[in-house]
Amino acid sequence: MNNDQYFYLFADCIPVKGATRSVICDLGRTEIHFIPNSLYSILLETRKYTYTDLIKKLNLNKDDNKLKEYFKFLIDSELGTWVDDIEKFPEIDTKWESPSLISNAIIDVRYIIHDFDNIFRQLADLGCEDVQIRFYETASYELIDSIMGYLKSSSIKSVEFLIKYSDTVNNIKQLMLLTKKHPRISILCIHSSPNNKVVSHEDFVTLDGMGRIYFIKEIIGSSKSCGQINHLSFSYESLHDFFENTKFNGCLNGKISIDENGEIRNCPSLNKSFGNVKQSPLKEVLANQKAKEYWNISKDQIESCKDCEFRYICTDCRAYIENPDNIYSKPLKCGYNPYTNEWEPWSNNPLKKKAIKYYELNHL
């Protein structure tokens, strides 16, 4: 580095400012790096000023160790480099758009088995690529096999299954055979299991990560189990998701759901139904703007979330919020405080007790 160079933060390394600290989201490596807000402010200037001019801008001594430490950290973490001509390194295009009317769908199943053939055809017509099917009761291997059979000529790319654990759904070999037979199965998650377990996948998971098998102890008994936010729920595996989250709702944008009774909702946890799938075509439902009213609510509009350094790599829930009368209220099931940088179990917060009672979530 010489004093006439610019520091170039790699285009896919995006700084995000929080209330008391910031992060750099390395989208290429799917990593986050915590940085002080003072460094965030400096990174806003590095495209405008050389190292020498930056020192003048910040009124620093040229031998300032703190500034040198900052840049050493960035270089050592492979987040950027020194360049002579910053204009040769354009900033990344943050525009997000999708050709699909629907990008993803959730289908809940308890006792009623939906007409999956019809539903899949409608979803494909809407451009849907990813489907999650949640069984609140157990489902046989034969049922999963038959459901996947409807996708032989479909444009739907992936299906994730959540299936309740039972003595008849615990055979790892059978589960592996399902993922091998149906390469569009992205995940088989067996919930309500006695133990948490990730099935070793070297021999059967594809290069793009399809075919993963998990057993989890968490009991997913209804749509009320949805909406929990913790560090494990952060999702920044692609530039596509990150920039969608900066402009739209990270959970509800482009989503349509069919609950266990066939009611069509934006999310199964939301109260508003727009008809039953047996009588109402999905395309007609989407013509109703009310069915998409939450799509454009981004984290920058939500109380507390707008000050959170994780806001663009975090999901969001509008079904369960701290103040049910304020649609821009913080997600109820989030225990993170961006002003103290501390996590706590969300249900332990006494300020949430009223909302927990309102949504009848005491059992959680």
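In short, a report on the structure. As the structure is a computational prediction, the values presented were derived from the model and not from experiment. (Residues numbered from 1 in each chain as written. Predicted model: local features only at pLDDT ≥ 70, side-chain atom pairs only at ≥ 80, totals over all residues. Heavy atoms only, no water.)

### Quick look at the overall build of the protein chain
Argument step 1. Of regular secondary structure, the protein chain possesses nine helices and 15 strands.
Argument step 2. Dimensions of the protein chain, computed from the C-alpha atoms along their principal axes, are close to 70 × 50 × 45 Å.
Argument step 3. With 364 residues in all, the protein chain has 48% of them scored as buried.
Argument step 4. The contacts of the protein chain with a sequence gap of at least 6 include a subset with a gap of at least 24, amounting to 68%. (Helix = DSSP H or I, 4+ residues; strand = E, 2+ residues; numbered from the N terminus. Buried < 20%, exposed > 50% of the residue type's maximum accessible area, 1.4 Å probe, protein only. Contact = heavy atoms within 4.5 Å.)

### Examining the packing of aromatic side chains
Argument step 1. Tallying each qualifying case throughout the model produces 17 aromatic pairs.
Argument step 2. Geometrically, the ring pair formed by Phe-242 and Tyr-312 is edge-to-face, given 5.8 Å between the ring centres and 75 degrees between the ring planes. Remark: Tyr-312 occurs in the loop between α8 (282-286) and β14 (336-337) and Phe-242 occurs in helix α7 (residues 239-247); sequence separation between them is 70 residues.
Argument step 3. Owing to a relative accessible area of 1%, Phe-242 belongs among the buried residues under this scheme.
Argument step 4. Here the aromatic residues Phe-7, Tyr-51, Phe-71 and Trp-82 are joined through ring pairs into a cluster of three or more.
Argument step 5. For the cation-ring pair, Lys-197 lies above Phe-215, with the distance from its terminal atom to the ring centre recorded as 5.0 Å. (Phe/Tyr/Trp six-rings, centres within 6.5 Å; stacked < 30°, edge-to-face > 60°. Lys NZ or Arg CZ within 6 Å of the ring centre and 35° of its normal.)

### Side note on the nonpolar core
Side chains of a nonpolar character, in soluble globular proteins, are inclined to be buried together.
Argument step 1. Grouped together as the largest cluster of nonpolar side chains are 61 residues, with contacts concentrated most on Phe-120, Leu-123, Ile-133 and Phe-161.
Argument step 2. Counting residues per element, this core draws most heavily on helix α4 (residues 116-125), at five residues. (Core = buried A, V, L, I, M, F, W, Y, C linked by side-chain atoms within 4.5 Å.)

### Description of unusual backbone geometry
Argument step 1. Here Ser-192, not a glycine, exhibits a phi torsion of approximately 60 degrees, which is positive.
Argument step 2. Mapped onto the elements, Ser-192 comes out in the loop between β9 (185-191) and β10 (197-198).

### Re the pattern of salt bridges
Argument step 1. Applying the stated criterion across every chain yields a total of 18 salt bridges.
Argument step 2. Two residues, Arg-134 and Asp-108, come together in a salt bridge whose shortest N-O distance is 2.7 Å. Within this pair, whereas Arg-134 is found in strand β7 (residues 130-135), its partner Asp-108 is found in strand β6 (residues 104-109), the two being separated by 26 residues in sequence. Exposure class is identical for Arg-134 and Asp-108. Each is buried.
Argument step 3. Through salt bridges with shared partners, a single ionic network connects Arg-110, Glu-137, Lys-164 and Glu-260. (Salt bridge = Lys/Arg side-chain N within 4 Å of Asp/Glu carboxyl O.)

### Some thoughts on the pairing of strand β12 (residues 255-258)
Argument step 1. On β12, burial covers both faces: Lys-255 and Ser-257 on one face and Ile-256 and Ile-258 on the other are all buried.
Argument step 2. Pairing between β6 and β12: four bridges, direction parallel. By the bridge assignment, Ile-106 is partnered in β12 with Ser-257.
Argument step 3. Turn length for the β12-strand β13 (residues 264-265) hairpin, with the two strands adjacent in sequence and antiparallel, is five residues, and the turn residue Gly-262 shows positive phi of about 90 degrees. (Pairing = 2+ DSSP bridges.)

### What to know about the sheet that holds strand β4 (residues 31-35)
Argument step 1. Spatially, β2-β3-β4 is the arrangement adopted by the three strands of the open sheet, whose pairing is antiparallel. A strand with exactly one partner marks an edge of an open sheet, and here the two such strands are β2 (13-17) and β4. For this sheet, the mean angle separating the axes of adjacent strands, direction not counted, is 25 degrees. (Axes fitted to C-alpha atoms, helices over the stretch in contact; angles between N-to-C directions.)

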